[in-house]
Structures are given as C-alpha cells and as structure tokens.
Amino acid sequence: MIYSDINKESIDKLMDIFYDKIKSDNNLGPIFKSKIGESKEAWDKHKDKISNFWQGQILGEGNYRRQPMKTHIELPPFPQEFFNIWLDLFSQSLDLVFDDNCKAVFLKRAQMIANSFQNMIYKYH
C-alpha cells in the first residue's frame with residue numbers, strides 16, 4: 001500500500017521496511033545490531049522509538065525525548081560513507097511506503113539530519 005498522507009500507521013510501516021533493510025545490510029547491520037541487539041523485542045522497541053522520533057519531526061507529535069546526536073557520537077567509529085548507505089536504504093524504503101510528495105518531505109528532513117550528524121561526528125568531534 002502506498003500512502004498519500006503521513007500518519008503514525010504509515011511511519012510505523014516505514015520503520016518496519018527500513019529496519020529490515022538495515023538489518024540485512026553488510027555495512028550498517030553490524031553497527032545497528034551491536035547497539036540494539038538481535039532479538040525481535042529489541043528491534044520492535046527501537047522501531048517504536050524511532051517512529052516516535054519521525055512523528056515528532058514530521059507531524060509535531062510523538063513522545064521522543066532523547067538526544068539522537070549524543071547516541072550517534074557515542075558509537076564506535078564508522079566510515080562517513082555509511083551515511084550515504086543509510087540515506088539510500090531510507091529512500092528505497094520511502095519508495096515502498098509513500099507517494100512522491102510524502103517521500104520528498106521525509107527525504108529532505110533525513111538529508112538535513114544526516115548532514116548535521118556528519119558535521120558533528122566528522123568535522124567537530
């Protein structure tokens with residue numbers, strides 16, 4: 001189903017598809033698994049947390065109250081190019097969930113977040 005509006009249900013669907021891609025990626029999978037764990041419960045908890053993050057970013061809703069920059073700075077070092085892989089997997093996932101208008105909203109925000117994280121991790125850290 002392709003969504004033409006953004007809501008909790010569509011964001012949850014995006015998280016399911018996106019994190020399935022992340023888990024199977026040879027570069028990103030090990031990083032995420034080392035932080036999240038291997039169990040379905042741990043991944044479900046993470047997907048719910050990040051769904052709340054995106055609800056806040058896109059809808060102004062959700063209950064995400066963490067510091068995502070701090071979490072990413074504390075990860076073991078990884079190549080900057082991995083952000084391009086993350087964005088590509090996110091874009092592929094958006095294609096499977098949203099129409100072009102909704103996809104553009106998410107992609108613009110995701111690119112801004114990725115750029116901000118890269119600046120903090122690689123230029124100022």
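Caption draft 1: Broad picture of the overall build of the protein chain. When helices and strands are tallied, the protein chain shows six helices and zero strands. Start at the N end of the protein chain and walk to the C end: the helices and strands fall as α-α-α-α-α-α. In terms of overall dimensions, the protein chain is globule-like: its C-alpha atoms have a radius of gyration of 14 Å, near the 14 Å expected for 125 residues. Viewed in the frame of its principal axes, the protein chain has a C-alpha envelope of about 40 × 30 × 30 Å. Each of the 125 residues in the protein chain was classed as buried or not, and the buried ones make up 40%. Side-chain charges of the protein chain comprise 17 positive and 17 negative groups, with the mean position of each set lying 6 Å from the other.

Caption draft 2: Structural view of the nonpolar core. Residues Ile22, Trp54, Trp86, Phe90, Phe98 and Phe106 are the most contacted members of the largest nonpolar core, which totals 36 residues. Listed by contribution, the elements that provide at least two residues to this core are α1 (8-24), α2 (28-36), α3 (40-59), α5 (82-97) and α6 (100-123).

Caption draft 3: Examining α3 more closely. Compared with the 28 Å implied by 1.5 Å per residue over 20 residues, the 27 Å span of α3 between its first and last C-alpha is a close match. Looking at α3, one finds that the buried residues are Trp43, His46, Lys47, Ile50, Ser51, Asn52, Phe53, Trp54 and Gln55. Just past α3, the residue Gly60 takes up positive phi, approximately 70°.

Caption draft 4: Focus on the pattern of salt bridges. This model, assessed by the stated rule, comprises six salt bridges. Residue Lys47 is joined to Asp16 by a salt bridge in which the shortest nitrogen-to-oxygen separation is 3.0 Å. Here Asp16 lies in helix α1 and Lys47 lies in helix α3, a separation of 31 residues in the sequence. On the accessibility criterion, Lys47 (12% relative accessible area) is buried. Residue Asp16 is classed as partly exposed on the basis of its relative accessible area, which comes to 35%. Ionic contacts of the salt-bridge type, sharing partners, join the residues Asp16, Lys40, Asp44 and Lys47 into one network.

Procedures and definitions
Residues numbered from 1 in each chain as written. Predicted model: local features only at pLDDT ≥ 70, side-chain atom pairs only at ≥ 80, totals over all residues. Heavy atoms only, no water. Helix = DSSP H or I, 4+ residues; strand = E, 2+ residues; numbered from the N terminus. Rg over C-alpha atoms; globule rule 2.2 N^0.38 Å. Buried < 20%, exposed > 50% of the residue type's maximum accessible area, 1.4 Å probe, protein only. Lys, Arg positive; Asp, Glu negative; His and termini not counted. Charge placed at Lys NZ, Arg CZ, Asp CG, Glu CD. Core = buried A, V, L, I, M, F, W, Y, C linked by side-chain atoms within 4.5 Å. Expected span 1.5 Å × (residues − 1). Salt bridge = Lys/Arg side-chain N within 4 Å of Asp/Glu carboxyl O.

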